[in-house]
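Inside the fold
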Amino acid sequence: MIKLSTPNIGEDAIDAMNQVIRSGQLVHGEECLAFEKELATYLNVNHALVCSNGTAALHLALLTLEIGPGDAVIVPDFTYPATANVVAVCGARVVVVDVDRENYCIDIKKLRDTVRNWQGPEKLKAIMPVHEFGFPADMSAIVELANEHSLAVIEDAACAIGASRDGRKMGTIGTIGCFSFHPRKTLTTGEGGLVVTNNAELADKLRRFRNHGMERTDKGMKFFYPGLNYRLTNFQATLGRHQLQQLENWLKRRVTLARDYIELLQPLVVEGKIRLPETNSGHSWQTFMIVLDRRYNRDEIITLLRAQGVESSLGAQSLTTLNIYPTVDNSQVTTLVGHELFTQGLALPFCEIYDRNTAIKVVQALSDSLN
Ligand SMILES: *Cc1c(COP(=O)(O)O)cnc(C)c1O
């Protein structure tokens, strides 16, 4: 079976983790601090704080920006639900904006309309763009709009470590950026996450919220406000450090694999059977998702592919289609691009250990399945 993706964990990383476990220093420690330093350098950002997972990173961002009841946050329709769940859990209103049919990120024109025509009653506080599958969303447009209306920008860069646009790494352009180190992402620590900012005051708050709202002083513990425990373990940080060393190499391989897929899939595009994702020089290609023409039932295609030894899956959810956010108007679900991407999107096997031969086999199986 060609798996959708496989975590890439070397023996050297496993040996190093063993050492950390034997040391007895298991929770937040030296390895976490070293990992944070390396991440800050890699991303070129002032403050990088590792945490227990990507959802925790998003939650820390909202807590730090004091977003809660009476506030509203804009999220794209097509994403993993964690993006909106943290908003709902904080008691704020989830406002969904449709996405672009080529790059799967928030639709800038519809975003502008939503912000400029905002009527409340909640106070619009933040925009949460998602760099979907590693495509770098148009941050200049988003930040310009946010500044115009005094909104914070929380980048959901969960899928986008290493993605960039105009020479800047995604996640470092908005007010706060959030990353995930889940095994389905390019860099993994098992569970794991990262929150980054260039603002020192926000960094202090993020750090406290991550650790019970507490800071250690000469006199002991000082509790500033009620916080959580969203720390990463020391041995996970070791795994992350080893992964980070290889990240640039992996990203290059992913670009090459995406190019191979795009070339090999061309005949299916010409026949009108599929659409390909938009490319961008800063795309980090966490997932390679094509869109099947409406004549196909995506789930049937997944079954046919599996019968040929190829694992595939849906790409992401449509928040509106989920129908679990009481504040979201879902009366026109089926007209949304996000709905089409949710029902017709097909993620193909994709990770840095695959090469052109894998792509050839997958595309052959896909061509057969679509006939
Ligand atoms: C994976 C993902 C998350 C959640 O990250 P976890 O580490 O699994 O909590 C949030 N948003 C997006 C867009 C994701 O892809």
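Calculation rules
- Residues numbered from 1 in each chain as written.
- Predicted model: local features only at pLDDT ≥ 70, side-chain atom pairs only at ≥ 80, totals over all residues.
- Heavy atoms only, no water.
- Near = heavy atom within 4 Å.
- Polar contact = N/O pair within 3.5 Å; in protein donor to acceptor, adjacent residues only side chain to side chain.
- Areas by Shrake-Rupley, 256 points an atom, 1.4 Å probe, with all protein chains shown as cover.
- Helix = DSSP H or I, 4+ residues; strand = E, 2+ residues; numbered from the N terminus.
- Nonpolar A, V, L, I, M, F, W, Y, C, P; charged D, E, K, R; others polar.
- Axes fitted to C-alpha atoms, helices over the stretch in contact; angles between N-to-C directions.
- Parallel < 35°, antiparallel > 145°, perpendicular 65-115°, else oblique.
- Left-handed = near helix turned anticlockwise from the far one by under 90°.
- Contact = heavy atoms within 4.5 Å.
- Pairing = 2+ DSSP bridges.
- Core = buried A, V, L, I, M, F, W, Y, C linked by side-chain atoms within 4.5 Å.
- Buried < 20%, exposed > 50% of the residue type's maximum accessible area, 1.4 Å probe, protein only.
- 1 Å grid on protein atoms, 1.4 Å probe; cavity = no way out; pocket = protein on both sides within 12 Å on 5 of 7 lines; lining within 4 Å.
- Points joined across faces, edges and corners; volume = space filled by probe spheres on them.
- Domains from an automatic or database assignment.

An unreviewed UniProt entry annotates the protein chain as Glutamine--scyllo-inositol aminotransferase originating from Pseudidiomarina tainanensis.

Let us now look at the site of the ligand. Neighbouring the ligand are 15 residues, the closest being Gly 54, Thr 55, Asp 156, Ser 180 and Lys 185. Thr 55 places a side-chain nitrogen or oxygen 2.5 Å from an oxygen atom of the ligand. The separation between an oxygen atom of the ligand and a polar side-chain atom of Lys 185 is 2.5 Å. Burial of the ligand by the surrounding chains reaches 91%, relative to a free accessible area of 380 Å². Of all the secondary-structure elements, those providing two or more residues to the shell around the ligand are helix 3 (54-64) and helix 4 (82-89). Of the residues in the shell around the ligand, the class split is five nonpolar, eight polar and two charged.

The next subject is the packing of helix 3 against helix 7 (residues 200-210). One can describe the packing of helix 3 onto helix 7 by two numbers: an axis separation of 9 Å at closest approach and a directional angle of 120°. With respect to helix 7, the axis of helix 3 lies oblique. In the crossing of helix 3 with helix 7, the sense of the turn from one axis to the other is right-handed. On helix 7, the residues touching Leu 60, Ala 61, Leu 63 and Thr 64 of helix 3 are Leu 202, Lys 205, Leu 206, Phe 209 and Arg 210. Grouping the amino acids of the contact of helix 3 with helix 7 by side-chain chemistry returns six nonpolar, one polar and two charged.

For the rest of this paragraph, the subject is the sheet that holds strand 13 (residues 274-275). One open sheet accounts for three strands, arranged 13-14-16; its pairing is antiparallel. Strands with a single pairing partner mark the edges of an open sheet, and in this sheet they are strand 13 and strand 16 (345-348). Of the strand pairs in this sheet, strand 14 (residues 288-292) and strand 16 are connected by four bridges, and their pairing is antiparallel. Bridging across to strand 16, Val 291 finds its partner in Gly 345.

For the rest of this paragraph, the subject is the nonpolar core. Formed by 46 residues in total, the largest nonpolar core has its most connected members in Phe 35, Leu 39, Leu 111, Ile 142 and Leu 194. Membership of the second largest hydrophobic core comes to 32 residues, among which are Ala 57, Leu 65, Val 94 and Leu 202.

This next bit is on unusual backbone geometry. In this chain, Gly 120 is followed by Pro 121 through a cis amide linkage whose omega measures 10°. Residue Ser 150 is not a glycine yet carries a positive backbone phi of 50°. In this fold, Ser 150 is placed in the loop between helix 6 (139-148) and strand 6 (152-156). If you check the backbone angles, Trp 285 has positive phi at about 45° while not being a glycine.

Following the criterion strictly, the structure yields two cavities of 30 Å³ or more and no others. If you add up the space inside the largest cavity, you get close to 80 Å³. Of the residues in the lining of the largest cavity, the class split is five nonpolar, seven polar and four charged. There are two domains that each give the lining of the largest cavity at least three residues, and those are domain 1 (11-242) and domain 2 (247-370). Lining the second largest cavity are Asn 103, Tyr 104, Glu 132, Phe 133, Phe 135, Pro 277, Glu 278, His 283, Trp 285, Thr 287, Phe 288 and Met 289. Residues belonging to the lining of the second largest cavity are distributed by class as follows: seven nonpolar, three polar and two charged. Composition of the lining of the second largest cavity by domain shows at least three residues from each of domain 1 (11-242) and domain 2 (247-370).

Looking now at the layout of surface pockets. Of the volumes computed, that of the largest pocket is approximately 540 Å³. Forming the walls of the largest pocket are 27 residues, and the residues nearest its centre are Tyr 80, Cys 159, His 182, Arg 184 and Lys 185. Elements supplying a minimum of two residues to the lining of the largest pocket: helix 3 and helix 4. Here the element with the most residues in the lining of the largest pocket is helix 3; it accounts for three residues. Among the residues forming the lining of the largest pocket, the class breakdown is ten nonpolar, twelve polar and five charged. In terms of lining residues, the second largest pocket is bounded by 19 residues, among which Val 96, Val 97, Thr 320, Asp 329 and Leu 336 are the most central. Listed by contribution, the elements that provide at least two residues to the lining of the second largest pocket are strand 4 (93-97) and helix 5 (108-116).

This paragraph deals with the environment of Lys 219. You can see Lys 219 is positioned in the loop between strand 11 (214-217) and strand 12 (220-223). A sequence separation of 77 residues divides Lys 219 from Tyr 296, and the C-alpha atoms of the two residues are 66 Å apart.

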